[in-house]
Amino acid sequence: MNKIIVSISFFILSSCATEQIENIETSKSEPAFKTAVDSWFHPSSEGEQNGAVSKDASEQENLLPSIAQYLKKGIASWYGPRFHGKKTANGEIFDMYAMSAASKTLPIPSYARVTNLENKQSVIVRINDRGPYHGNRVLDLSYTAAKKLGIHKAGTGMVEIKPLAPEQALPQLQASAAKQKKQVYLQVGAFGSQRKALKLQNKIIAHHLPQPEILSSTYKKATLYKVQMGPIKSADGADKLNEQLAAIGVTHTQFVTETRQN
């Protein structure tokens, strides 16, 4: 009887171990991860594939990450001179004159429309940093973003935040730029060193891609050299250019609205 129990126990343990090994190997065969943006804006249809009953639109909305619902309204602040030229959480150089923001929870990088609930002014920012870490604030805007929203003098303001997928952000940025008689460009790098900016420019040219331009912006003694391509005319054009850049190792790109003047 004891031999039978031992045999059964060994079989169960062997089965568990086999199942664990299969699960580990299966997970390795799948992509290591999906981008945070994809998981936010393109929810999995696994339930439907497994024969689950499809849900109506309101129920589907409730399945979105709770953080997307939480960050609809809150207090925003801004940061600028002390951090100008320093690295952000994703390794980019912080530019207080760019349209960017820091968030504790939104995906990096991603885009969001931020609206000042007092004056209804609205801007689109790119999330490329973490913070703020003061009080119950939900967003830290760049100086220029805060100025356009009208909260730079007060220091803080109540805002509404709406996350945007990149394909949603581009046409909205283009519409906003057109009102200012400006255009949207693809920024492929920003450096505190002109030599590094020139190196990236030459690398892109060497691979027979459209020649980027280098713009500089200076605050006190800190100068940033921004490498930009464009203007961007369509989402398809942006996708194609990003694919070509990714093939040569240039992946940290962003849409910016700027003139071509230094």
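Scroll up to find the structure.
These lines cover the structure that appears in this document, whether it is placed above or below. (Residues numbered from 1 in each chain as written. Predicted model: local features only at pLDDT ≥ 70, side-chain atom pairs only at ≥ 80, totals over all residues. Heavy atoms only, no water.)

## A few points about the overall build of the protein
Convention followed: We count a stretch as a helix when DSSP gives it H or I for four or more residues in a row; a strand needs E for two or more, and each element gets its number in order from the N terminus. Three labels apply to residues, based on accessible area from a 1.4 Å probe with only protein chains included: buried if under 20% of the type maximum, exposed if over 50%, partly exposed otherwise in between. Working definition of accessibility: Shrake-Rupley area with a 1.4 Å probe, residue cover restricted to the visible protein chains.
Within the protein one finds 9 helices and 10 strands. Taking all 262 residues of the protein together, the buried fraction comes to 35%. With the model as given, the accessible surface of the protein reaches about 16200 Å², and the carbon-plus-sulfur share is 53%.

## Re the pattern of salt bridges
When their charged atoms lie close together, side chains carrying opposite charge are able to pair. We apply this condition: Salt bridge, as applied in this entry: a Lys or Arg side-chain nitrogen positioned within 4 Å of an Asp or Glu carboxyl oxygen.
Enumeration according to the criterion identifies 2 salt bridges in this entry. Of the charged contacts, one joins Arg126 and Glu92 as a salt bridge, the two residues approaching to 2.8 Å between their closest N and O atoms. Remark: Glu92 occurs in the loop between β1 (73-79) and β2 (100-102) and Arg126 occurs in strand β4 (residues 122-129); sequence separation between them is 34 residues. Each member of the pair, Arg126 as well as Glu92, is classed as buried. Its salt-bridge partner being Lys226, residue Asp95 comes within 3.2 Å of it at the nearest N-O pair. You can see Asp95 sitting in the loop between β1 and β2 and its partner Lys226 sitting in strand β9 (residues 222-229), a full 131 residues away along the chain.

## Remarks on the environment of Ala154
If you trace the backbone, Ala154 turns up in the loop between α6 (143-149) and β6 (156-164). Relative accessible area serves as the criterion here: at 65%, Ala154 is assigned to the exposed category. Each C-alpha atom of the pair Ala154 and Ser77 lies 9.0 Å from the other, and the pair is 77 residues apart in sequence.

## Overview of the packing of aromatic side chains
Spelled out, the test is: Only the six-membered ring of Trp is used, alongside the rings of Phe and Tyr, when aromatic pairs are assigned; centres must lie within 6.5 Å, and planes under 30 degrees apart are stacked while those over 60 apart are edge-to-face, with the rest tilted.
Within this structure, the stated rule accounts for 5 aromatic pairs. Judged by centre distance (4.3 Å) and plane angle (15°), the rings of Tyr79 and Phe94 are stacked. Of this pair, Tyr79 sits in strand β1 while Phe94 sits in the loop between β1 and β2, and the two are 15 residues apart along the sequence. Judged by relative accessible area, which is 8%, Tyr79 ranks as buried. Phe94 gets classed as buried once you look at its relative accessible area, which sits at 2%.

## Let's talk about a positive patch on the surface
Defined as follows: Like charges are joined within 9 Å and nonpolar side chains (Val, Leu, Ile, Met, Phe, Trp, Tyr) within 5 Å, but only among residues with over 30% relative accessible area and no salt bridge; these make up the patches. For the charge count, each Lys or Arg is scored as positive and each Asp or Glu as negative, with His and the chain ends excluded. For the purpose of locating charges, the reference atoms are NZ of Lys, CZ of Arg, CG of Asp and CD of Glu.
Together, Lys87, Arg195, Lys196, Lys199 and Lys203 make up a region of like positive charge exposed at the surface. Looking at where Lys203 falls in the secondary structure, it is placed in helix α8 (residues 194-206).

## Some details on the nonpolar core
Selection criterion: Nonpolar cores were defined as sets of buried Ala, Val, Leu, Ile, Met, Phe, Trp, Tyr and Cys residues, with membership established by side-chain atoms within 4.5 Å. In what follows, residue pairs with any heavy atoms lying within 4.5 Å of each other are defined as contacts.
One finds Leu186, Val188, Ile204, Leu245 and Phe255 to be the most contacted residues of the largest nonpolar core, which totals 24 residues. Counting residues per element, the ones that place at least two in this core are α7 (166-179), β7 (183-191), α8, β9 and α9 (235-247). Of all the elements, α7 adds the most residues to this core, at 4 residues. Residues within four places of Val188 in sequence aside, it is in contact with Leu200, Ile204, Val227, Met229, Leu245, Val250, His252 and Thr253. Formed by 17 residues, the second largest nonpolar core is a distinct cluster that contains Ala76, Ala101, Val123 and Ile127.

## What to know about the sheet that holds strand β5 (residues 137-142)
Rules: Strand pairing follows a simple DSSP-based rule, namely that at least 2 bridges must link the two strands. Between N-to-C directions, angles span 0 to 180 degrees; the directions come from axes that are lines fitted to C-alpha atoms, helices contributing only their stretch in contact.
Within the closed barrel, the 6 strands sit side by side as β1-β5-β2-β4-β3-β6. Their pairing is mixed. Between one strand axis and the next, the sheet turns by 45° as a mean value, whatever way the strands run. Bridge count for β1 against β5 is 5 bridges, and the pairing is parallel. Within β5, the residue paired with Trp78 across the bridge is Leu141.

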